[in-house]
Every structure is written in C-alpha cells, then in structure tokens.
Amino acid sequence: MSKPTYKNALKNPVFNTVSKAADALSLDAYVIGGFVRDYLLKRGDAKDIDIVAVGSGIELAKEVSKNLSHKPKVAIFKTYGTAALKTAGVELEFVGARKESYTKDSRNPKVENGTLQDDQNRRDFTINALALSLNEDTFGELLDPFDGVKDLDDKIIRTPLNPDITYSDDPLRMMRAIRFATQLNFTIEKESLDAITRNAERIKIITNERIVDELHKILASPVPSIGFALMHKTNLLPHIMPELLALQGIDEKEGQRHKDNFWHTLEVVDNIALTTDNVWLRWAALLHDIGKAPTKRFDKKVGWTFHAHEFVGSKMVYKLFKRLKMPLNDKMKFVQKMVLMSSRPIVLASDVTDSAVRRLIFDAGEYVEDLMTLCEADITTKNPKKFKRYHNNFKLVRDKIVEVEERDQVRNFQPPVTGEEIMKTFNLKPSREIGIIKDAIKEAILEGDISNDYEEAKALMLKKGKELGLSIN
Ligand code: ATP
Ligand code: MG
C-alpha cells in the first residue's frame, strides 16, 4: 500500500534544501513533531521546524547551511547532538535519530543512535510523533506508526508507549499533556490520565522554569481553566500551586456558606481570556483571590469574611513568583498591584464620586483599564439580573474614569508645584515641611478641593507655608 503523502506541507523551499543535503549525505531525513501536527490541524505553518536525521543531525545542518545562499550560522549543541540554524523566518533544529533509556532520578536519558522508529518511540504523544519524509524519492510521505492522525481527528492525547513509563521517565510530559489538551481543546485518554495521576508526585524532579513555561502556555490558551481543572483532577496542583488548591471547598456555619473560590477563580480566568491576551493580566486573574484562604474567618454577625485578603494576596504573589523562579520584576509588581487593588472598583461601583475615581486613577496609574477588565471578569454570578446590574455599574465607573481623567489628569500625576519651587519660595533646605506641603496639594487635588492647576496649587502652597510658620523668601 502506498503511504499518504503531504507534499503541500513542504512548500517552503527550505525543505528542498534539506532534501538535497540529505540525499548528498546518503542519509534519511524527516520533518517531525509540532510542525507536522500543526500543519494537519491547519494551525498555520509553525516557525520551529524539527528535523530528524538517521545519522548525524549536526552534519546535516552543516550541509544545509552550505547549500543556502546566505550560509546561516549553525549553532551546535554537542552535548545534545543537536544543531540549529535560522533562515527565511523559520528556525530549523536538527537531531540524529536516537534511542533513549531513563534512570529513576533524572529526566535526562541515556542516549544512543537509533532508527526513525526508535526516535518516534521516544516522542511524548502520538500526535507529536508524526514524520514526513524529506528524501527526494519519498518526499512528503507520512510515517505514522501510532495512528497519530486518527488521534488528531478524534482530538485525543495519547502516548506512543506505556503511559506509566512515558510519564515516569520524563514527568514534564504530564504538564505537556495538560498543556496540549488546553491549547488544542483535546481530551487526554483515560489510561494517560490515570497514569498522570499515579505519577503526579514525580513532577518534583522537574525544574520550576520548565513548569512555568507550561503554565504560561496554559494561561495563554483560549480556555485556561481546562488546564487547571486537569491539574486538579490528576493531583498535580498541590505540587505546583498549593495556594490555589487551598481555595477549594465550601464551608458552612450556622447556615451560612461562602462560594468555592477555586472554581470561581477558574471562571474568572476564562472570562478574562475572552477580553485580553495579556498573559500577566491572566496571571492576576488566577491569583486575585489567593489571599482568601489564609484570611477566611467566620463572624457571628457578618458571616464569612476575608479581611484584607487583597493585601495578604499581593504578598503571596511575591512568594509564589519566587518559589516558581519567575521573574521578580515589573511584571510581578503589576500582578501584585492588580491583586492588591482587585476590590477597589467594586467598592466604588455603588457610589461613583469624582474624588473616589480620582484616587482610583491615581493609585492604579496606567493600569486602571486593566484593573477594570479584571473586576468585570470577576463577575461570575449566575443571576442574570445581578450580572447585568454589576456590568452596568462598572460601565458607569469606566465612563467616569474617562471624564475625570480628561479634566484632572491624575493618571500620570506630576505635582503642579515642584519640590524645588517650594524650597525656593520658603528658602528651605530639603526637609519635612516640603513633604507636608506636597502631600497637602496632592490630597486637595484628589479630594477635589482644588483643581490640578498651577495657580491653585501655588495658592495652597503659600497658605500651608503660613500655617507651618514659614516665611517667604
Ligand atoms: P510547540 O512548539 O507548539 O510547543 P511542539 O510539539 O513543537 O509544540 P516542542 O517542545 O517544540 O513541542 O518539541 C518538539 C517535538 O519534540 C515534539 O513535537 C515532540 O515530538 C518532541 N518532544 C518535546 N518535548 C518532549 C518530551 N518531554 N518528551 C518526548 N518528546 C518530546
Ligand atoms: Mg516546537
């Protein structure tokens, strides 16, 4: 029987170059993995192209570079036996076909040369083991030993070999399975899901950086909750984000219940994924309630409370980022700020005064719209009347933000009277009084007692100076 052929997948002229190079070296070469999968899923042409050579991947890469007019530089990774080069907007990675065997305590296998079939056996999923031949006489032929094409049609994540061994060998694959299920909206077949559950604890040998890569990809997916629900179901979540898991469950006391903040959080993340691609804002949605677990109390008069959970939560963001080895930079500060301020617009919505809006804009600065987006995503009530009312209230807050900002410009607040001017006016050296005067001006502007205007601020400066017993220069 002749093999199905996909020459159309290989229209990029670079595949011809690889083909000629492989024939010149008399070795078999294939494009394999994500590129083939994404072509068949019509996800568009992947920019990363993985080439496997039955023989030396490094030699093949060098030969390909030689045959390209601009002779791209070949980056060689000797320890891994791989080589990479960039050409015409794509990145080619070359590897020699290999056979792998694992030991218990590492996800780095012992490697020996192997056949294409050996190489396909070491792939994580059937849909990632698809290969297209690149040699001239078999150009475009599909090699699909595990029925990966059928799994693509059926939308199934399945391992080529025994899933218990596959996941135990390299536990990162558990996160990859969940990530692909989320990205592609595929189902992880039952044997795989059970094997992940059995091996969940082995995720400990994976570095945090790798796990975070997968978390980012899950969060960047159209429906991120799929991934977090799967991490929960397979028991991976306690190893990765115990803070989130701690939000799960509903307590009842004296007939009073609070909502399950874990499932609520996942709804919020899905909501926000509909309105923003900003992955850090999605992180903020994921973490906006994490302070609720440690602050939960029951009070006979008011019922369940989560006093200061926003503040506690923003501190937890730092610890979580640090533990997961995520960058402790402006992205983290942004997430902290969103968590810290996550209830502010809600308080405002019932009574939208100019001064409260000015303070909100002043405190949130350039992120005030992101904050509103988060608060809108936080509306998960199933009561249609309430749903509409809450959204309308936030719409009013948004309108007010535009109106107030247009008039008062406190978004990137610059004091209308500078510290230097205060020092000059009262002949002061740097001192406490300057701070007091500056603060009084800022407060008066935010309260609406004066406008954000030089003359009015100067008048207040003189008045305050007098009150402080300062004499004019
Ligand atoms: P994407 O690039 O969209 O994340 P991909 O499938 O290309 O998806 P890569 O991480 O680029 O994923 O890996 C390329 C190929 O290498 C995969 O398709 C798979 O065949 C194989 N692979 C990657 N990581 C593993 C792993 N941990 N275990 C087994 N095979 C893997
Ligand atoms: Mg890839």
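Starting afresh in each chain, residues are numbered from 1 along the sequence in its written order. In the order they appear in the text, chains get letters beginning with A and ligands get numbers beginning with 1. Note on the predicted model: pLDDT of at least 70 is required for a residue's local features to be given, and 80 or more for side-chain atom pairs to be given and counted; whole-chain, interface and lining totals, by contrast, use all residues. Neither water nor hydrogens contribute to the side-chain values; these are computed over all heavy atoms in the structure.

(A) View of the overall build of the protein chain. Across its full length, the protein chain holds 24 helices and 15 strands. The globule rule used here is 2.2 Å times the number of residues to the 0.38 power, and the radius of gyration it is set against is calculated over C-alpha atoms. Taken over the C-alpha trace, the protein chain has a radius of gyration of 30 Å; the compact-globule value for 473 residues is 23 Å, which it surpasses by more than 25%. With respect to the principal axes defined by its C-alpha atoms, the protein chain has extents near 95 × 65 × 40 Å. Among the 473 residues that make up the protein chain, the fraction classed as buried is 48%. By definition in these notes, contact holds between two residues if any of their heavy atoms fall within 4.5 Å. Long-range pairs, those at least 24 residues apart, make up 66% of the contacts in the protein chain between residues at least 6 apart in sequence. In this text, helices come from DSSP runs of H or I with a minimum length of four residues, and strands from runs of E with a minimum of two, each type numbered from the N-terminal end. For every residue, the accessible area (1.4 Å probe, protein chains only) is compared with the maximum for its type, and the residue is labelled buried under 20%, exposed over 50%, or partly exposed between those bounds.

(B) Main features of the pattern of salt bridges. The rule for a salt bridge is simple: a side-chain nitrogen of Lys or Arg has to be within 4 Å of a carboxyl oxygen of Asp or Glu. Applying the stated criterion to the full structure yields 39 salt bridges. In this structure, Arg407 and Asp408 form a salt bridge, with 3.2 Å as the shortest nitrogen-oxygen distance. Residue classification places Arg407 among the partly exposed residues on the basis of a relative accessible area of 45%. Note on Asp408: relative accessible area 8%, which makes it buried. In this structure, Glu467 and Lys464 form a salt bridge, with 3.2 Å as the shortest nitrogen-oxygen distance. Of this pair, Glu467 and Lys464 are both found in helix 24 (residues 454-467), three residues apart, which corresponds to roughly one turn of the helix.

(C) Here's a closer look at the environment of Leu287. Assignment of secondary structure puts Leu287 in helix 14 (residues 279-287). Judged by relative accessible area, which is 0%, Leu287 ranks as buried. Counting along the chain gives 234 residues from Leu287 to Ala53, while the straight-line C-alpha distance between them is 44 Å. Contact partners of Leu287, with chain neighbours within four places excluded, come to Met241, Val317, Leu320, Phe321, Val335 and Val339.

(D) The arrangement of the domain arrangement of the protein chain in detail. Domain start and stop points were drawn from an automatic or database domain assignment. Segmentation of the protein chain into domains returns domain 1 (7-153), domain 2 (155-240) and domain 3 (419-467). One C-alpha centre belongs to domain 2, the other to domain 3, and the line joining them spans 58 Å.

(E) Up close: the layout of surface pockets. Volume-wise, the largest pocket comes out at about 1700 Å³. Looking at the largest pocket, it is lined by 42 residues, and the ones nearest its centre are Asp50, Glu93, Arg107, Arg176 and Arg210. Contributions of two or more residues to the lining of the largest pocket are made by helix 2 (34-40), strand 2 (48-54), strand 5 (90-96), strand 6 (98-101), helix 7 (172-184) and helix 9 (208-219). No other element matches helix 7, which puts six residues into the lining of the largest pocket. As a working rule, the residues Ala, Val, Leu, Ile, Met, Phe, Trp, Tyr, Cys and Pro are called nonpolar, Asp, Glu, Lys and Arg charged, and the rest polar, with Gly in that last group. Residue composition of the lining of the largest pocket, by class: 13 nonpolar, seven polar and 22 charged. Each of domain 1 (7-153) and domain 2 (155-240) contributes no fewer than three residues to the lining of the largest pocket. Buriedness for pockets is judged along seven lines, at least five of which must meet protein on both sides within 12 Å for an open set on the 1 Å grid over protein atoms alone, while cavities are sets there where a 1.4 Å probe fits but cannot get out, and lining residues have an atom within 4 Å of a point. In terms of lining residues, the second largest pocket is bounded by 22 residues, among which Lys259, Lys292, Ile346, Asp378 and Tyr390 are the most central. The set of elements that each furnish at least two residues to the lining of the second largest pocket consists of helix 13 (261-275), helix 16 (309-323), helix 18 (344-349) and helix 21 (384-408). A per-element tally of the lining of the second largest pocket places helix 21 first, with three residues. Considered class by class, the residues forming the lining of the second largest pocket number seven nonpolar, ten polar and five charged. Grid points are joined across faces, edges and corners, and a volume is the space filled by probe spheres set on the points.

(F) Examining the side chain of Asp124 more closely. Tracing the backbone through its elements, the reader meets Asp124 in the loop between helix 4 (116-121) and strand 8 (131-133). Only 3.1 Å separates the side chain of Asp124 from the side chain of Asn128, close enough to count as a polar contact. If we skip the residues at most four places from it in the chain, Asp124 touches Arg158, Thr159, Pro160, Thr166, Arg173, Arg176 and Phe180. N or O atoms closer than or at 3.5 Å make up a polar contact, with two conditions inside protein: a donor-capable atom paired with an acceptor-capable one, and, for residues adjacent in sequence, both atoms drawn from side chains.

(G) Summary view of the environment of Gly255. Along the chain, the position of Gly255 falls in the loop between strand 12 (252-253) and strand 13 (256-257). Each C-alpha atom, one on Gly255 and one on Gly303, is 9.5 Å from the other, the two residues being 48 residues apart in sequence.

(H) Examining the pairing of strand 14 (residues 296-299) more closely. Sheet topology places strand 14 next to strand 15 (residues 303-306); four bridges connect them, and they run antiparallel. In the sheet register, Phe298 faces strand 15, and the bridge partner there is Trp304. Two strands qualify as a pair provided that DSSP identifies no fewer than 2 bridges between them. Here strand 14 hands over to strand 15 after three residues, the two strands then running antiparallel side by side.

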